[in-house]
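So the chains spell out like this:
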There are 2 protein chains.
Amino acid sequence: MKLGAIEAGGTKFITAVGDENGNILERASFPTTTPEGTIANIFKFFDGKDIESLGLGCFGPIDPDIESPTYGFITTTPKPGWANRDIVGTLQKHYPNLPIGFDTDVNGAALGESYFGAAKGLNSVLYLTIGTGVGGGMISEGKLIHGLLHPEMGHILMRVRKDDSYQGNCPYHGTCFEGLAAGPAIEARWGVKGSELPQDHPAWDLEAWYIAQALSVYILTLSPKKIILGGGVMHQKQLFPMIHTYLQETLNGYVQKKEITTDKIKDYIVYPALGDNAGICGALALARNALDI
Amino acid sequence: MKLGAIEAGGTKFITAVGDENGNILERASFPTTTPEGTIANIFKFFDGKDIESLGLGCFGPIDPDIESPTYGFITTTPKPGWANRDIVGTLQKHYPNLPIGFDTDVNGAALGESYFGAAKGLNSVLYLTIGTGVGGGMISEGKLIHGLLHPEMGHILMRVRKDDSYQGNCPYHGTCFEGLAAGPAIEARWGVKGSELPQDHPAWDLEAWYIAQALSVYILTLSPKKIILGGGVMHQKQLFPMIHTYLQETLNGYVQKKEITTDKIKDYIVYPALGDNAGICGALALARNALDI
Ligand SMILES: Nc1ncnc2c1ncn2[C@@H]1O[C@H](COP(=O)(O)OP(=O)(O)O)[C@@H](O)[C@H]1O
Ligand SMILES: Nc1ncnc2c1ncn2[C@@H]1O[C@H](COP(=O)(O)OP(=O)(O)O)[C@@H](O)[C@H]1O
Ligand SMILES: [Zn+2]
Ligand SMILES: [Zn+2]
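Figured I'd write up the structure that's included with this text. Remember, predicted model here, so these are calculated numbers, not experimental data.

### Examining the relation of the copies chain B and chain A
Phase 1 of the analysis: With an RMSD of 0.0 Å, the fit of chain B onto chain A corresponds to turning through 180 degrees and sliding 0.0 Å along the axis. Both copies of the chain, as the preceding transformation shows, are related through a two-fold rotation axis. Minimal C-alpha separation from the rotation axis in chain B is found for Arg159(B), amounting to 2.9 Å.
Phase 2 of the analysis: Here 98% of the contact residues of chain B are again contact residues in chain A; the copies associate through an equivalent surface.

Given below as structure tokens:
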């Protein structure tokens, strides 16, 4: 079965044809220019490819609410020309009978990991990306969670650690999770990019402490059966054992589940299995989801 | 259609027969004694009543995970005799062919409000009770959220307000939401029961501030289309407008939805519609849910 996938990013688009098992058969990539130019490239790639559905994992903010009049739109992005664009409508007009799955890039990545990756077979998983920003996608009872909007879990307020004098860089909340712990906050706090800090720099202990605090909140509210941490910052693999320890400290035995209280926690909070393919496999997962198979 | 409902509380049980629209036709109530005595009372009430399904909204902690070997158990309660009790199994043995719906009391209440109450017709709602403890039930994409366990959202860590010197009374986390804002914390902080504090006491401003902070977290992670606030503390109706204002301050325009940014917020965060019937109507909703109608 041939499925189409589009990973729509703010700087580049990736298009691919793959199958329902997450295999990529063919791919192309082009820079994000005007909507017209970018969409022309999409049509050029897929026309005549005979795909059975199309998945689009999209930079945001978007409207993924199927009951909303602006479903399928990119909404308030500052990217010139892209705000209030009916991207799904444009695709659907060109491919009238094609089922189209549409969601945020991070929701796509969550679904991809649940179909093809680290959360295969689980009906409940949280995927978090910690990069330029912090984004989260949650699958619960087998479905991606939406509601009033897609979750914006990177912006929860945090307790600032006593030894941290950084003011946070979120323009809305200062010291929310993203404002304290995304890549740009690390760079602003320490004066160099995270990728240039040595593995044993105190930055990582503090980073793990914030990530663990945020995970404690997500566990208590969303109750995921697994947590997958991706994004540029998580390339620092030494963060994982520190996160595990701080999380156990933060929850302090309240959640009595061996997945959390024992060293099984290393299988509970993990790195993505799809690695660099997370985005495009996520779009493929959205295509599969649109077929409901 | 006749459905059976059991509201299982730590101090009393309520049993009822009702219909799929939330009408209660007959009810009884008895104190929670030993499991044996209590279950005998349940059988006495329902035997011969010809119900088509049974719903049980239960005090906890419980195991609501249908795939778990201890599904249907009350797990670690300190209540003598009740720990590790297979309550659903016991009911099912007595009524072998009866579909049984089982969940926490607060998940039941959430479902009840979504079928019969303030969230009728919505596929996404958060129900929160602020009483002796803080509990939450979330329906997303039309389904009650479970996962590793049921959500325990009362225990999220909080920022303590600068003018509040109270240490919090959660034995696990000190100043989590429950530790700062449930009924017993109000009483410990001010030296009298919340019900005895005047409506214009500064306690309520602080209480609204904490509730708004917690709601900001729930909105960003769970994205509910409506929030219903019940439990003893919420009898203080003057809290609502203060919560609305503080929530708008906390989110600070980040969530661009008119439900939150405008005065429509008074329809977004509301008091339960089912009032004193929340528990038993919740159990009735679990019974209806077990029939999948
Ligand atoms: N190896 C690394 N260690 C720490 N931080 C990194 C590393 N690689 C990238 N980052 C940081 O992650 C952010 C980029 O995140 P990434 O997930 O790659 O992209 P984006 O979030 O923009 O999609 C930048 O702030 C960058 O400094
Ligand atoms: N009118 C009121 N104003 C403020 N607090 C109240 C009021 N009524 C009850 N409470 C508080 O709510 C708590 C009881 O909550 P409730 O929801 O009635 O029961 P429970 O949570 O035990 O099921 C107690 O701590 C009590 O002090
Ligand atoms: Zn923020
Ligand atoms: Zn607590």
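So, next bit.
### Here's the deal with the sheet that holds strand 10 (residues 143-144) of chain A
Residue and element names in this part refer to chain A.
Phase 1 of the analysis: With mixed pairing, 5 strands are arranged side by side in an open sheet as 10-9-8-11-12. Here the strands that pair on one side only, and so sit at the sheet edges, are strand 10 and strand 12 (269-270).
Phase 2 of the analysis: By the bridge criterion, 2 bridges tie strand 11 (residues 227-230) to strand 12 in an arrangement that is parallel. By the bridge assignment for strand 12, Ile-228 is matched with Val-270.

### Focus on the coordination of the zinc ion (ligand 3)
All names here are of chain A.
Phase 1 of the analysis: Taken together, His-155 (ND1), Cys-170 (SG), His-173 (ND1) and Cys-176 (SG) make up the full set of protein donors to the zinc ion (ligand 3), lying 2.1 to 2.4 Å away.
Phase 2 of the analysis: Around the zinc ion (ligand 3), the 4 donor atoms are arranged such that angles at the metal cover 101 to 122 degrees; this shape is classified as tetrahedral.
Phase 3 of the analysis: Positions of the donor residues of the zinc ion (ligand 3), expressed as sequence spacing, correspond to H-x14-C-x2-H-x2-C.
Phase 4 of the analysis: Look at His-173 and you get buried, because its relative accessible area is 10%.
Phase 5 of the analysis: We classify Cys-176 as buried; its relative accessible area is 0%.

### Things to note about the interface of chain B and chain A
Phase 1 of the analysis: Taken together, the contact pairs 44 residues of chain B with 43 residues of chain A.
Phase 2 of the analysis: In total, chain B and chain A occlude about 4100 Å² of area from one another, counting both sides; carbon and sulfur atoms represent 59% of this.
Phase 3 of the analysis: On the chain B side of the contact with chain A, Leu148(B), Arg159(B) and Tyr254(B) bury the most area, a combined 20% of that side's loss.
Phase 4 of the analysis: Applying the counting criterion to the chain B and chain A interface returns 1 salt bridge.
Phase 5 of the analysis: The closest approach of N and O atoms between Glu67(A) and Lys225(B), which form a salt bridge, is 4.0 Å.
Phase 6 of the analysis: Summed over the shared surface of chain B and chain A, the result is 26 residue pairs in polar contact (both at pLDDT 80 or more).
Phase 7 of the analysis: Looking at the side of chain B that touches chain A, the elements that each hand over two or more residues are strand 10 (143-144), helix 6 (202-222), helix 7 (239-251) and helix 8 (258-261) of chain B.
Phase 8 of the analysis: Ranked by residue count, the leading element in the side of chain B that touches chain A is helix 6 of chain B, at 6 residues.

Rules behind the numbers
- Residues numbered from 1 in each chain as written.
- Chains lettered and ligands numbered in written order.
- Predicted model: local features only at pLDDT ≥ 70, side-chain atom pairs only at ≥ 80, totals over all residues.
- Heavy atoms only, no water.
- Least-squares fit on C-alpha atoms with pLDDT ≥ 70 in both.
- Contact = heavy atoms within 4.5 Å.
- Pairing = 2+ DSSP bridges.
- Helix = DSSP H or I, 4+ residues; strand = E, 2+ residues; numbered from the N terminus.
- Donors = N, O, S within 2.8 Å, 3.2 Å for Na, K, Ca; no water.
- Tetrahedral: all angles 85-135°; square planar, octahedral: opposite > 155°, others 65-115°.
- Buried < 20%, exposed > 50% of the residue type's maximum accessible area, 1.4 Å probe, protein only.
- Buried area = accessible area lost by both parts, 1.4 Å probe.
- Salt bridge = Lys/Arg side-chain N within 4 Å of Asp/Glu carboxyl O.
- Polar contact = N/O pair within 3.5 Å; in protein donor to acceptor, adjacent residues only side chain to side chain.

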